[in-house]
Amino acid sequence: QVQLVESGGGLVQPGGSLRLSCAASGSMFITNSRGWYRQAPGKQRELVAVITSGGSTNYVDSVKGRFTISEDNARNTVYLQMNSLKPEDTAVYYCNVDGVQGGTLRRIGYWGQGTQVTVSS
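Below is a short write-up of the structure. (Residues numbered from 1 in each chain as written. Predicted model: local features only at pLDDT ≥ 70, side-chain atom pairs only at ≥ 80, totals over all residues. Heavy atoms only, no water.)

1. Focus: the sheet that holds strand E3 (residues 18–26)
Spatially, the four strands line up as an open sheet ordered E1-E3-E8-E7, and their pairing is antiparallel. Of all the strands in the sheet, the pair left with one neighbour each is strand E1 (2–7) and strand E7 (67–72). The average angle at which neighbouring strand axes cross in this sheet is 15°, direction not considered. By the bridge criterion, six bridges tie E1 to E3 in an arrangement that is antiparallel. Within E3, the residue paired with Glu 6 across the bridge is Cys 22. (Pairing = 2+ DSSP bridges. Helix = DSSP H or I, 4+ residues; strand = E, 2+ residues; numbered from the N terminus. Axes fitted to C-alpha atoms, helices over the stretch in contact; angles between N-to-C directions.)

This is the structure in C-alpha cells:
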C-alpha cells in the first residue's frame, strides 16, 4: 500500500504565496503521473495541475502563470508552488498519484488526506 501525506496549507492574504508538499511512502509503485486537485464548498473537485513520469506539466487555465507543479523523485515528493493567490483559490487541496504496482503491474491510484488553503484579507 502507498500512503500520501500532505502539508503546507494555511491562511494567506490575497497576493501571497504557499507551497504544498505531498510525500509518498509504502510498497513498490511505478508512477505514471502525479497531480493536484482542489475542491471548494458547493463545487466539484477539479484537477489544477499534473506532472507525468516524463516530466511534462499541464495546468488548468485559471492557475496558469501562478502555480508550478514539481517533483523530487529521490524523496518521492510532489510540490505545488502557489503564487499571487486569489480568494477564488480557497479550497481543500488534494494530491493524487496514478500508476501500477510493482510485480503485478496492477493499475491503481492513491489520494492524500487534503490540506486547507484559505485566501482572505
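2. Examining the pattern of salt bridges
Scanning all chains against the criterion turns up seven salt bridges. For the salt bridge of Lys 64 with Asp 61, the shortest nitrogen-to-oxygen distance reads 3.0 Å. (Salt bridge = Lys/Arg side-chain N within 4 Å of Asp/Glu carboxyl O.)

3. Details of unusual backbone geometry
In this model, Ser 84 sits at a positive phi of 50°, which is unusual for a non-glycine residue. Positive phi, close to 60°, is recorded for Leu 105, a residue that is not glycine. Residue placement: Leu 105 occurs in the loop between strand E9 (91–101) and strand E10 (107–111).

4. Some words on the nonpolar core
The tendency in soluble globular proteins is for nonpolar side chains to be buried as a group. By size, the foremost hydrophobic cluster in this structure holds 27 residues, and its most contacted members are Trp 36, Leu 80, Met 82 and Tyr 93. With four residues, E9 is the largest single contributor of residues to this core. When neighbours within four sequence positions are excluded, Tyr 93 is seen to be in contact with Glu 6, Leu 20, Trp 36, Tyr 37, Arg 38, Phe 67, Leu 80, Met 82, Gly 114, Thr 115 and Val 117. (Core = buried A, V, L, I, M, F, W, Y, C linked by side-chain atoms within 4.5 Å. Buried < 20%, exposed > 50% of the residue type's maximum accessible area, 1.4 Å probe, protein only. Contact = heavy atoms within 4.5 Å.)

5. Here's the deal with the packing of aromatic side chains
Within the structure shown, the criterion is met by three aromatic pairs. Each ring, one from Phe 29 and one from Tyr 110, has its centre 5.3 Å from the other, and the planes form 75°; the classification is edge-to-face. Linking Phe 29 in strand E4 (residues 29–39) with Tyr 110 in strand E10, this pair joins segments that are 81 residues apart in sequence. Across this residue pair, the class does not change: Phe 29 and Tyr 110 are buried. Centre to centre, the rings of Tyr 94 and Trp 111 are 6.5 Å apart; their planes meet at 85°, and the pair counts as edge-to-face. Within this pair, whereas Tyr 94 is found in strand E9, its partner Trp 111 is found in strand E10, the two being separated by 17 residues in sequence. Overall, Tyr 94 belongs to the buried group, its relative accessible area being 15%. Residue Trp 111 is classed as partly exposed on the basis of its relative accessible area of 41%. (Phe/Tyr/Trp six-rings, centres within 6.5 Å; stacked < 30°, edge-to-face > 60°.)

6. Observations concerning the layout of surface pockets
One number sums up the size of the largest pocket: a volume of about 160 Å³. At the level of elements, E3 and E4 are the ones that each hand at least two residues to the lining of the largest pocket. Split by residue class, the lining of the largest pocket holds five nonpolar, five polar and one charged. (1 Å grid on protein atoms, 1.4 Å probe; cavity = no way out; pocket = protein on both sides within 12 Å on 5 of 7 lines; lining within 4 Å. Points joined across faces, edges and corners; volume = space filled by probe spheres on them. Nonpolar A, V, L, I, M, F, W, Y, C, P; charged D, E, K, R; others polar.)

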